[in-house]
Amino acid sequence: MSGSRTSRPPVQRATRLPRENPALGLVTRLRRAWDRPLTAYYLILGGSALITVLGLVMVYSASQITALQMSLPGSYFFRKQLLAAVIGCALLLVASRMPVRLHRALAYPILAGAVGLMALVQVPGIGVAVNGNQNWIAVGGSFQLQPSEFGKLALVLWGADLLARKQERRLLTQWKHMLVPLVPAAFMLLGLIMLGGDMGTAIIVTAILFGLLWLAGAPTRLFVGVLAVAGLIGAVLIRTSPNRMARLACLGATEPQSGPVDCWQAVHGIYALASGGIFGSGLGASVEKWGQLPEAHTDFIFAVTGEELGLAGTLSVLALFAALGYAGIRVAGRTEDPFVRYAAGGVTTWITAQAVINIGAVLGLLPIAGVPLPLFSYGGSALLPTMFAIGLLIAFARDEPAARAALAMRQPRFGKKRNGGSRRPRRWNTMRRRATAARTSGER
């Protein structure tokens, strides 16, 4: 018997793989989730819903004292806003389910209706003046309608349809086809708005016009020329109005009486934001809404939000508007339909510009323009067309090829009856996809 030992192969140790950085892994997962085809759809739907619900809460909180001072029930303004939100949700649902060709077909009727209503505002006995601006129509009882808010939606739809038809015929390479009749029609709307003295709404309509021209590929010199003309007209309108000059003089004011100019509203808006701290004084605990801050539930509701919910609340509102704006830009950038691109870009410009002007005025960075915060401030006339416009964005986001494919791949949550009542196994609607399934372009 041999004394040699049986040789055994050496034991090989498993090589250690480098650990993945948790931060980089999280960033990668977030980027993949961000690139999903339904991201824009969920951002628009969820962001607009959260803004509207939070706006209803803040309208109820900010308007109670104003309603009681007017000998009205404390929930008076909240109930009217809730009714407008319910009607707006119906409009949003209808707009989100309408095909693109039907949206284009409604462009001209909506424009004609908006122009007709805006002309009726100037008829004695029909038009109503509110805070010095005659831009309202008495509908009946305590309900009033501001047609200029529907003029924004009309300009977006009609301008998008006009530019899309011209692009299909390859006419946008000529400057006259790019400007006419888009710019004259926009100036007509601006003239009707300025007859009532509402320069804030006129600024938003001008921003929509610039957004459409930018998306249409207007040359820089042409864009700058239109901007210079609009700026000159705006400077003349501000210079000839003592009220507008006073609002301009209140920029950066820290005292309610800044010389001969009364900056009460601007300064008390800053006071409300400054007293909120990080997490605010608590919902319903605002001090400024007790008669110190005018228009606490409309133009300056963001200040009351900062006082009651603090910096955390205001940053949350800003984040929701930023997500909504990003989603709108993403929808406009990924589509191949020119009408969808112009309409989505116009709606995004409208909501973003109005939010920036309102919040900038509350922060004291811009003059007080008297425009509400979209989906957030009190006002049914502003809420209804805005929610219809959000429905447009939802419809466009669902209509993307990758989004349609992702929606088609969804599995029903509960099986349907087949073969005499037999039911398929219950399957939950998750985002997991089988590895063998072919992925559509753009899906991760």
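What you see is a predicted model, and the numbers here were worked out from it, not measured in a lab.

S.K.: Would you mind going over the overall build of the protein in detail, with residue names and values included?
M.R.: Assigned secondary structure in the protein consists of 16 helices and 7 strands. Per-residue burial for the protein yields a buried fraction of 45% across its 444 residues. For the protein, the share of sequence-separated contacts (at least 6 apart) that also reach a separation of at least 24 residues comes to 69%.

S.K.: Run through the pairing of strand β2 (residues 133-140), naming residues and quoting values.
M.R.: Inspection of the sheet shows strand β1 (residues 127-130) paired to β2 by 4 bridges, in the antiparallel sense. Residue pairing in the sheet places valine 128 in a bridge with tryptophan 136 of β2. The sheet contact formed by β2 and strand β3 (residues 143-145) spans 3 bridges and is antiparallel. What sits directly across from glycine 140, in β3, is phenylalanine 143. Hairpin connection of β2 to β3: 2 residues between the antiparallel strands, including glycine 141 at a positive phi of 65 degrees.

S.K.: Describe the nonpolar core, and please don't skip the residues or the numbers.
M.R.: In terms of nonpolar packing, the biggest core is built from 113 residues, with Ile44, Leu182, Leu213, Ile390 and Phe396 touching the most fellow members. It is helix α14 (residues 338-362) that provides the largest number of residues to this core, a total of 13 residues. Discounting residues that sit within four places of it in the chain, leucine 182 has contacts with Leu155, Trp158, Gly159, Leu162, Leu163, Leu209, Leu212 and Leu213.

S.K.: Before we move on, can you summarise the state of the cysteines with the specific residues and values?
M.R.: Summed over the entire model, instances satisfying the criterion amount to 1 disulfide. Residue cysteine 250 pairs covalently with cysteine 263 via a disulfide, S to S 2.1 Å. Its S-S torsion of approximately -90 degrees makes the covalent link between cysteine 250 and cysteine 263 left-handed. Pair noted here: cysteine 250 is in the loop between α11 (242-249) and β4 (257-258) and cysteine 263 is in the loop between β5 (261-262) and α12 (264-274), with a separation of 13 residues, a long-range link. Looking at cysteine 263, the relative accessible area reads 1%, which means it is buried.

S.K.: Can you tell me about the pattern of salt bridges, naming the residues and giving the values?
M.R.: Counting across every chain of the model gives 5 salt bridges. For the salt bridge of glutamate 308 with lysine 289, the shortest nitrogen-to-oxygen distance reads 3.2 Å. In this pair, glutamate 308 is assigned in helix α13 (residues 301-334) and lysine 289 in the loop between α12 and α13, connecting sequence segments 19 residues apart. The class of lysine 289 is buried, set by a relative accessible area of 5%. Salt bridges here are not isolated pairs; linked through shared partners, they connect Arg104, Asp161, Arg165 and Glu168.

S.K.: Account for the UniProt feature "transmembrane region" (unreviewed entry) in the protein, with residues named and values stated.
M.R.: Using the residue numbers shown here, the UniProt feature "transmembrane region" (unreviewed entry) corresponds to residues 40-61, 82-100, 106-130, 199-215, 222-238, 309-329, 350-369 and 375-397. Across residues 350-369, helical content stands at 65% and strand content at 0%; the span's end C-alpha atoms are separated by 15 Å.

S.K.: Tell me about the packing of aromatic side chains, and please be specific about residues and values.
M.R.: Under the defined criterion, the tally for this structure stands at 6 aromatic pairs. For the ring pair tyrosine 76 and phenylalanine 77, a centre distance of 5.2 Å and an interplane angle of 80 degrees mean the geometry is edge-to-face. Taking 6.4 Å as the distance between ring centres and 85 degrees as the angle between the ring planes, the aromatic pair formed by tyrosine 108 and tryptophan 158 counts as edge-to-face. Here tyrosine 108, found in helix α5 (residues 107-120), pairs with tryptophan 158, found in helix α6 (residues 147-168); they are 50 residues apart in sequence, far enough to count as distant. On the basis of relative accessibility, which here comes to 6%, the residue tryptophan 158 falls in the buried class. Ring-pair connections join several aromatic residues into one group, and the members of that group are Tyr76, Phe77 and Tyr378. Its guanidinium or amino end placed over the ring of phenylalanine 143, lysine 80 lies 5.1 Å from that ring's centre, counting from NZ or CZ. One residue, arginine 341, lies across the ring of tyrosine 342, its end atom 5.3 Å from the ring centre.

Parameters at a glance
Residues numbered from 1 in each chain as written. Predicted model: local features only at pLDDT ≥ 70, side-chain atom pairs only at ≥ 80, totals over all residues. Heavy atoms only, no water. Helix = DSSP H or I, 4+ residues; strand = E, 2+ residues; numbered from the N terminus. Buried < 20%, exposed > 50% of the residue type's maximum accessible area, 1.4 Å probe, protein only. Contact = heavy atoms within 4.5 Å. Pairing = 2+ DSSP bridges. Core = buried A, V, L, I, M, F, W, Y, C linked by side-chain atoms within 4.5 Å. Disulfide = S-S within 2.5 Å. Salt bridge = Lys/Arg side-chain N within 4 Å of Asp/Glu carboxyl O. UniProt positions renumbered as here; feature names shortened; annotations may be inferred. Phe/Tyr/Trp six-rings, centres within 6.5 Å; stacked < 30°, edge-to-face > 60°. Lys NZ or Arg CZ within 6 Å of the ring centre and 35° of its normal.

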